[in-house]
Amino acid sequence: MMPPPHRCPNEEKYRSIRIGNPTFSAKLLPVKGAVECLFEMGFEEAETHLVFPGSASVEQLKLVRETIAAERDRRLRGGGPPVRSPSAQAAAAAESPAAAPAAAAPAPAPAPAPAPPPATPAPAAAASSQPVSPPLPQPSSLESSMSFFLTLQSNFQHVMLYENLELQQKALSHIPHQELSSAAQHKLKEAEEADPDCKLGIEEFLVLELLRWFKHDFFSWVNSLPCSRCGGSTQNGNSLSPSTDDLRWGGQRVENHYCQGCRLSTRFPRYNNPEKLLETRRGRCGEWANCFTLCCRALGLEARYIWCSTDHVWTEIYSVAQHRWLHCDSCENVCDKPLLYEVGWGKKLAYVLAFSKDQVVDVTWRYSCKHPEVLSRRTSVQEAWLLHTINGLNASRQQVLSPDRKKELTGRLLVELVEFISPKRPKPGELGGRNSGSLGWRIARGETKGAEPGSSTQEAGYVFTPTEKERSDRLLHVCYIASKDQYCRLSSSSEVVRGWDQCVWKKESVFRKVEDDWQMVYIARTEGSSMGRISWKFDFSAVEMKVKSVSIRASSQTFDTGRVCWYLQSGQTTTEFSGDGKMQSFPSLCGSSDFIVEAQLCDGSWQHSQLFRQSLKETEEPSFEILIHLEDA
């Protein structure tokens, strides 16, 4: 393979092992306990590699290596009983039913395909206290199973950081906990006075206060860092090598935010240690969920870290009053809206797993209302393998728990299983696209799209929802310039999205026409179609805001018998208005939480009804403009 890290401890290439390395797959994976020994040495899981971090002890690595070598020599000589070294203990643990998954077994055998359950039987096996031997994976699934196991084990180890009392105290020193607790108590009292049968407890109100504080006052989102020299904008380029200090805090990846102006590279280490994140207070969803989950534990909330295979992470907190786990996303400042990702963002879910100090739980079914679709995508590992592996991890972790605590966890799991059986129906706050991150980033990830409940076409597209700045300013101002073919959100630091259909809610039989000879551009219906439609949707319910006032300017032009009809829809109310290019106000929308602007093109030939006709030389005048003032709902 490669020289061990203790021979070349300062060379990065000797501190990592690629999981797909043929030698690793052929010589280590088939040996029971081998990977556990690597973890015992100090290796940690990165995305595609096992990495020996700078903070790990080289002496520990040497000790484990030498112990294994001594044990090998002893057995070759036919000596006495094996030495109970740390590595030997790990290997012995792998022999037990509660240890490493069958991915490490040497002799693959055919395994039955996972039987599709009627609803969600997969989590049920996690309630068993006695793990059973798993089916052996097919050779083709060996690497996938190993990678999945490393993800499970890495996350299960990581959440133990949140239980460090000194780290909790450090987090508590950053949190205005008395202020948050007082506000939570006050709101709980108000809720109980308004509804004597209120089923909520202090946990719900405290986590709502914590979510608000964390997003608005403490943590910040990073798209690209400003240049550390000139303050100009940067672009995320190739990765940089992590420093020793980066590695100390789990910063295996370092982004290069490169300034086009002064040519300076600004480093952005993606730290994975929540203690460091208390200092930096910035990042993307990984850093947000990591630090927020620690803050929940610091406040005494029972919390777990949620990992999703579609590249997002968040938190759950346990409600004692409701006897259930509540979804919490600190990036979005939302609570108890689990269908937000599948319905609102359009994510194609497969695996969603919850990690706490006591157990791992497959909670995929809480976050989906399309269980058959999700089951069809769960192909990374065999279902029986996954259940056996989760059982093994839980049995190992829960050995030190009291009988009462084990009984409590079993009771909670049974409640979850009952919840998972019946798919949920989407709530209004779960229909909008993602708010966190730049618009271009969200579009690239496909997280702006959703679908209306009951829709048969599933053609619903982009939804305008307020960014953090727009929410703070209580203003959403959107323009479309046809000659540039770009949308500009003037209320969100002039964010630009190119492409006439990139911010459209729905479109039917329309396209963008460029007349090079006349140097004109417009949107028209496709040739041969009798009707063309295009609409834009605005939704403020996810951020608990409503319309204070709306002004719209829409331009359209007709020739011969062509017609363009403009409509404004909110709830059951539809208002027709003119597309004469003048700004118009709509008092009837005051108090609405969402609305749709739609244009219909009909009659005449396809060229006789046009939207946003504009000269290609006219590059600054908006063809379509919407100005929305907001207030709290």
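Keep in mind that what you see is a predicted model, and the values were worked out from it rather than measured.

*Asks:* What should I look at first to understand the overall build of the chain in this one?
*Replies:* Secondary structure summary: the chain contains 17 helices and 30 strands in total. Counting across all 633 residues of the chain, residues that qualify as buried make up 52%. Within the chain, counting contacts between residues at least 6 apart in sequence, those at least 24 apart form 69% of the total. Counting every atom, the chain has about 28600 Å² of accessible surface; 50% of that belongs to carbon and sulfur.

*Asks:* So what exactly am I meant to see when it comes to empty space enclosed by the protein here?
*Replies:* A water-sized probe, rolled over the atoms, reveals where empty space remains. For the structure shown, the criterion picks out 5 cavities of 30 Å³ or more. Reported here for the largest cavity is a volume of approximately 70 Å³. Around the largest cavity sit Glu 163, Arg 297, Glu 302, Ala 303, Trp 325, Ser 356, Lys 357, Asp 358, Gln 359, Arg 405, Leu 409 and Arg 412, which together line it. Per element, the largest residue contribution to the lining of the largest cavity is 3 residues, and it comes from helix α15 (residues 403–421). Each residue belonging to the lining of the largest cavity can be placed in one class, and the counts come to 3 nonpolar, 2 polar and 7 charged.

*Asks:* Explain helix α8 (residues 202–218) to me, please; I cannot follow it from the model alone.
*Replies:* Every α-helix carries 3.6 residues per turn, so stepping three or four residues along brings you back to the same face. Burial within α8 is extensive, with 12 of its 17 residues counted as buried. Taken together, the buried positions of α8 are occupied by Glu 203, Glu 204, Phe 205, Leu 206, Val 207, Glu 209, Leu 210, Leu 211, Trp 213, Phe 214, Lys 215 and Phe 218.

*Asks:* Is there a simple way to think about the side chain of Asp 246 in this case?
*Replies:* Assignment of secondary structure puts Asp 246 in helix α9 (residues 244–248). When its relative accessible area of 2% is taken as the criterion, Asp 246 is described as buried. Among the polar contacts made by the side chain of Asp 246, one reaches the main-chain amide nitrogen of Ser 243 at a distance of 2.9 Å. Side-chain polar atoms of Asp 246 contact the side chain of Tyr 271, separated by 3.3 Å.

*Asks:* Mind showing me how you'd approach the nonpolar core here?
*Replies:* Side chains of a nonpolar character, in soluble globular proteins, are inclined to be buried together. By size, the foremost hydrophobic cluster in this structure holds 74 residues, and its most contacted members are Phe 148, Leu 210 and Phe 214. The greatest single-element share of this core, amounting to 9 residues, is contributed by helix α11 (residues 285–298). Beyond its immediate sequence surroundings of up to four residues, Phe 148 is in contact with Trp 307, Tyr 351, Leu 353, Ser 380, Val 381, Trp 385 and Leu 386. Grouped together as the second largest cluster of nonpolar side chains are 40 residues, Phe 464, Tyr 480, Phe 577 and Phe 612 included.

*Asks:* Got a minute to help me understand the pairing of strand β25 (residues 563–570) in this structure?
*Replies:* Remark: a regular strand shows side chains that alternate across the two faces of the sheet. The element β25 is extensively covered by neighbouring structure, given that 6 of its 8 residues are classed as buried. Sheet analysis places β25 next to strand β28 (residues 594–602), joined by 7 bridges and oriented antiparallel. Bridging from a neighbouring strand, Cys 565 pairs with Gln 600 of β28.

*Asks:* Which parts of the structure should I look at to understand the sheet that holds strand β20 (residues 510–515)?
*Replies:* The strands making up a sheet associate through hydrogen bonds between their backbones, and the pairing can be parallel or antiparallel. An order of β20-β21-β29-β24 is seen for the 4 strands of this open sheet, with the pairing classed as antiparallel. Edge positions in the sheet fall to β20 and β24 (556–558), since each has one partner strand and no second. Neighbour to neighbour, the strand axes of the sheet diverge by 35 degrees on average, direction disregarded. The pairing of β24 with strand β29 (residues 609–615) spans 3 bridges and is classified as antiparallel. For Ser 556, the partnering residue across the bridge sits in β29 and is Leu 611.

Conventions we followed
- Residues numbered from 1 in each chain as written.
- Predicted model: local features only at pLDDT ≥ 70, side-chain atom pairs only at ≥ 80, totals over all residues.
- Heavy atoms only, no water.
- Helix = DSSP H or I, 4+ residues; strand = E, 2+ residues; numbered from the N terminus.
- Buried < 20%, exposed > 50% of the residue type's maximum accessible area, 1.4 Å probe, protein only.
- Contact = heavy atoms within 4.5 Å.
- Areas by Shrake-Rupley, 256 points an atom, 1.4 Å probe, with all protein chains shown as cover.
- 1 Å grid on protein atoms, 1.4 Å probe; cavity = no way out; pocket = protein on both sides within 12 Å on 5 of 7 lines; lining within 4 Å.
- Points joined across faces, edges and corners; volume = space filled by probe spheres on them.
- Nonpolar A, V, L, I, M, F, W, Y, C, P; charged D, E, K, R; others polar.
- Polar contact = N/O pair within 3.5 Å; in protein donor to acceptor, adjacent residues only side chain to side chain.
- Core = buried A, V, L, I, M, F, W, Y, C linked by side-chain atoms within 4.5 Å.
- Pairing = 2+ DSSP bridges.
- Axes fitted to C-alpha atoms, helices over the stretch in contact; angles between N-to-C directions.

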